[in-house]
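Structural overview for review
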Amino acid sequence: MNRRKFLLSSIAAALSLSGCNRGGITVTPSTGSDGSPFFIPPELSGETVNGRKSFNLTLQKGTSGFLENVSTPTWGINGAFLGPTLRLRNGESVDISYTNQLNEDTTIHGHGMHVPANMDGGPHQIIAPGETWTSSYTVRQFACTNWYHPHLMGKTAEHVMNGLAGLIIIDDDNSESLDLPKRYGIDDIPVIVQDRTFNSDGTFSYNPSIREIMHGWKGDTLMVNGVINPYLDVEAKQVRFRILNGSNSRVYNFGFVSGKSFRQIATDNAFLESPVELTQLRLSPGERAEIVVDFSNDLGKEEVFWDSDSKINLFKVNIENTATAVTELPARLIPLPRLNPADAARTRSFTLSAQGPGQLVINGQSMNMSVINETVPLDDVEIWEVRNAMGMIHNFHIHATHFQLLERNGNANAVADNEKGFKDTVFIPPNESVKFIVKMTDYADSSIPYMYHCHILEHEDAGMMGQFLVV
Ligand code: C2O
Ligand code: CU
Ligand code: CU
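Residues numbered from 1 in each chain as written. Chains lettered and ligands numbered in written order. Predicted model: local features only at pLDDT ≥ 70, side-chain atom pairs only at ≥ 80, totals over all residues. Heavy atoms only, no water.

Looking at the pattern of salt bridges
Counting across every chain of the model gives 32 salt bridges. Among the ionic pairs, Arg-89 bridges to Asp-173, the shortest N-O distance being 2.7 Å. On the criterion of sequence distance, the pair formed by Arg-89 in strand 5 (residues 85-89) and Asp-173 in helix 3 (residues 173-177) is long-range, its members being 84 residues apart. The shortest N-O distance in the salt bridge between Lys-420 and Asp-417 comes to 2.9 Å. (Salt bridge = Lys/Arg side-chain N within 4 Å of Asp/Glu carboxyl O. Helix = DSSP H or I, 4+ residues; strand = E, 2+ residues; numbered from the N terminus.)

Focus on the side chain of His-149
For His-149, the position within the fold is in strand 9 (residues 144-149). By relative accessible area, His-149 is classed as buried at 1%. A polar atom in the side chain of His-149 sits 3.5 Å from the side chain of His-455. (Buried < 20%, exposed > 50% of the residue type's maximum accessible area, 1.4 Å probe, protein only. Polar contact = N/O pair within 3.5 Å; in protein donor to acceptor, adjacent residues only side chain to side chain.)

Here we look at the coordination of the copper ion (ligand 3)
Coordination of the copper ion (ligand 3) by the protein involves His-394 (ND1), Cys-454 (SG) and His-459 (ND1), with metal-donor separations of 2.0 to 2.1 Å. Each donor residue of the copper ion (ligand 3) belongs to the same chain, and together they define the spacing H-x59-C-x4-H. According to the relative accessible area criterion, Cys-454 is buried, its value standing at 0%. Under the relative-accessibility criterion, His-459 is labelled buried at 1%. (Donors = N, O, S within 2.8 Å, 3.2 Å for Na, K, Ca; no water.)

Here we look at the domain arrangement of the chain
Taken as a whole, the chain is organised into domain 1 (3-172), domain 2 (188-321) and domain 3 (341-470). One C-alpha centre belongs to domain 2, the other to domain 3; they are set 25 Å apart. Listed per partner, the contact involves 26 residues of domain 2 and 27 residues of domain 3. When the two sides are added together, the surface that domain 2 and domain 3 hide from each other amounts to roughly 2,100 Å², 56% of it contributed by carbon and sulfur. Of all residues in domain 2, the largest losses of buried area upon contact with domain 3 belong to Ile-213, Met-214 and Asn-269, amounting jointly to 26% of the total for that side. Scanning the region where domain 2 abuts domain 3 turns up 3 salt bridges. (Domains from an automatic or database assignment. Contact = heavy atoms within 4.5 Å. Buried area = accessible area lost by both parts, 1.4 Å probe.)

Quick look at the pairing of strand 16 (residues 262-267)
Counting buried residues along strand 16, 5 of its 6 residues qualify, which places the element largely inside the surrounding structure. Sheet topology places strand 16 next to strand 17 (residues 270-278); 5 bridges connect them, and they run antiparallel. Bridge pairing in strand 17 places Thr-267 opposite Ala-270. What sits between strand 16 and strand 17 in their antiparallel hairpin is a turn of 2 residues. Note that strand 16 and strand 19 (residues 288-294) share 3 bridges and pair antiparallel. In the strand pairing of strand 19, Ala-266 is matched with Glu-290. (Pairing = 2+ DSSP bridges.)

Observations concerning the sheet that holds strand 22 (residues 346-356)
Spatially, 5 strands are ordered 23-22-25-29-27 in an open sheet, and the strand pairing comes out mixed. Lying at the two open borders of the sheet, with one neighbouring strand each, are strand 23 (359-362) and strand 27 (404-408). Averaged over all pairs of adjacent strands, the angle between strand axes in this sheet comes to 20 degrees, irrespective of strand direction. Bridging between strand 27 and strand 29 (residues 433-439) involves 4 bridges; their strand directions are antiparallel. Pairing of Glu-407 across the sheet is with Lys-435, part of strand 29. (Axes fitted to C-alpha atoms, helices over the stretch in contact; angles between N-to-C directions.)

Brief notes about the coordination of the copper ion (ligand 2)
His-109 (NE2) and His-397 (NE2) make up the full set of protein donors to the copper ion (ligand 2), lying at 1.9 to 2.0 Å. Remark: His-397 occurs in strand 26 (residues 394-398) and His-109 occurs in strand 7 (residues 109-111); sequence separation between them is 288 residues. What makes His-109 buried here is its relative accessible area of 1%.

Some thoughts on the confidence of the model for the chain
Here the chain shows a mean pLDDT of 93. Residues at 70 or above account for 93%. Ignoring residues within four places in sequence, the model shows residues 1-32, a span with pLDDT below 50, making 58 contacts including any to other chains. (pLDDT = per-residue confidence, 0-100.)

Here we look at the nonpolar core
Grouped together as the largest cluster of nonpolar side chains are 33 residues, with contacts concentrated most on Trp-384, Phe-396, Ile-398, Phe-436, Met-440 and Phe-468. Of the residues forming this core, the biggest block, 3 residues, is contributed by strand 29. For Met-440, the residues in contact, after removing those within four places along its chain, are Val-376, Leu-378, Asp-379, Asp-380, Trp-384, Ile-398, Ala-400, Thr-401, Phe-468 and Val-470. With 30 residues, the next largest nonpolar core counts Ala-236, Phe-241, Ala-289 and Val-293 among its residues. (Core = buried A, V, L, I, M, F, W, Y, C linked by side-chain atoms within 4.5 Å.)

Let's talk about the packing of aromatic side chains
Taken as a whole and assessed by the stated rule, the structure comprises 29 aromatic pairs. Consider the rings of Phe-350 and Phe-396, whose centres lie 5.5 Å apart with planes at 45 degrees: the pair is tilted. In this pair, Phe-350 is assigned in strand 22 and Phe-396 in strand 26, connecting sequence segments 46 residues apart. Assessed through its relative accessible area of 1%, Phe-350 is described here as buried. In this structure an aromatic cluster arises from ring pairing among Phe-38, Phe-241, Tyr-252, Phe-254, Phe-256, Phe-262, Phe-295, Phe-305 and Phe-315. If you follow Arg-196 out to its NZ or CZ, it ends over the ring of Phe-204, 5.2 Å from the centre. (Phe/Tyr/Trp six-rings, centres within 6.5 Å; stacked < 30°, edge-to-face > 60°. Lys NZ or Arg CZ within 6 Å of the ring centre and 35° of its normal.)

Observations concerning the side chain of Arg-250
Following the sequence through the fold, Arg-250 ends up in the loop between strand 14 (238-245) and strand 15 (252-256). Each residue touching Arg-250, except ones within four places of it in the same chain, is listed here: Asp-195, Lys-218, Gly-219, Asp-220, Leu-222, Asn-245, Leu-283, Pro-285, Asp-307 and Ser-310.

Observations concerning unusual backbone geometry
Note: most residues except glycine have negative phi, and most peptide bonds are trans. Phi is positive for Asn-50, which is not a glycine, with a value near 50 degrees. Relative to the helices and strands, Asn-50 is located in the loop between strand 2 (47-49) and strand 3 (52-64). With relative accessibility at 77%, the residue Asn-50 sits in the exposed group. For Asn-431, which is not glycine, the phi dihedral falls at a positive 60 degrees. Among the structural elements, Asn-431 can be located in the loop between strand 28 (425-428) and strand 29.

Okay, here's the thing in structure tokens:
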């Protein structure tokens, strides 16, 4: 056994032990000379109680070892930093309970989940310290990769920065029957990308200035699943990566340093109809993409996955194991039902702008918990136009359901092939606009709203958010 292999197995053993520790201290491996092994968040499938799947999650404080010699106080879910991957299936009824063992209020929102407004975990579903809040619903959506994170009014950026975030993977008949890599942690790899800056005592440095609030706060260190520049050993076969940009404001241009191509198979809320070949993949905060990379002919080689904008390496892939199973990515993945613009009952317009330093608004209004900004009739097809009126980047996220992009800057041809799927978050470069089509289905509630907002968390907290009722 070489040194790296030994390190890997001993750390894996330590992690699996600490994974059971509800007390809050987990140890994340520090970077040694060979680098740290890739960390796969534990997967939770829930326990079946009376025909419902139940999940018990604890929001807690802990200490993490991202760096050598110093430790970092962090927040996590059932552990010290980040949380387990929740595995749900279309059609099943679930109860996801969050117990708040922190000393302050928070909330946990299921980003990308199509659920009733009172189960959404937005700013109105506060979980006080010591309390448990349960999000109960029946999963009614296509297979996809979603995520959960705090959404407390004015505090989302800070709570996510502290470490509260995790993936939700939804399976369905289609995802199970397609010949895709689906062995979690072996050829189906979760990739949560976040940036942080550390103080010399190991604590996270996060105290954004007005300028950083306006331009988005960026950390100088990139982490994947809470590990800095890890290595991942894979089989020489097709490997799927489920990538989440879980950063507060950084936009990434993902790819391989070698320029190796890959195929995107899913957007935020569903598979793409067909795989789209790419060498670079841009994701803004909150967006997800699933990609399949073919390492079949790469045995003995290594590849480095990086952010080509910052030129910072994210992780190294060692293709050092012979394939123990083969998958062959199909040419067709799903027939996506499309909404027809001719059926649209109305168009709503949203303008993202600033009203002063550190004060960001949508249609001139700053987020106010007691103001309902929009009322959307159930089952109406609508077109939403969102204009970024500023010389800086924004994006736009809606709760409740997915949408389909129609145009960028008034041009249908400017919508890239890998954006032609179901989305809940869309990137809007400076002074550009997007138009999408959307229909609210299933859940009406005359008093509890859903949110729409820029998912640059500093912007969201600075007021760039609004509320809509589905009636
Ligand atoms: Cu990912 Cu309203 O949030
Ligand atoms: Cu959301
Ligand atoms: Cu923004």
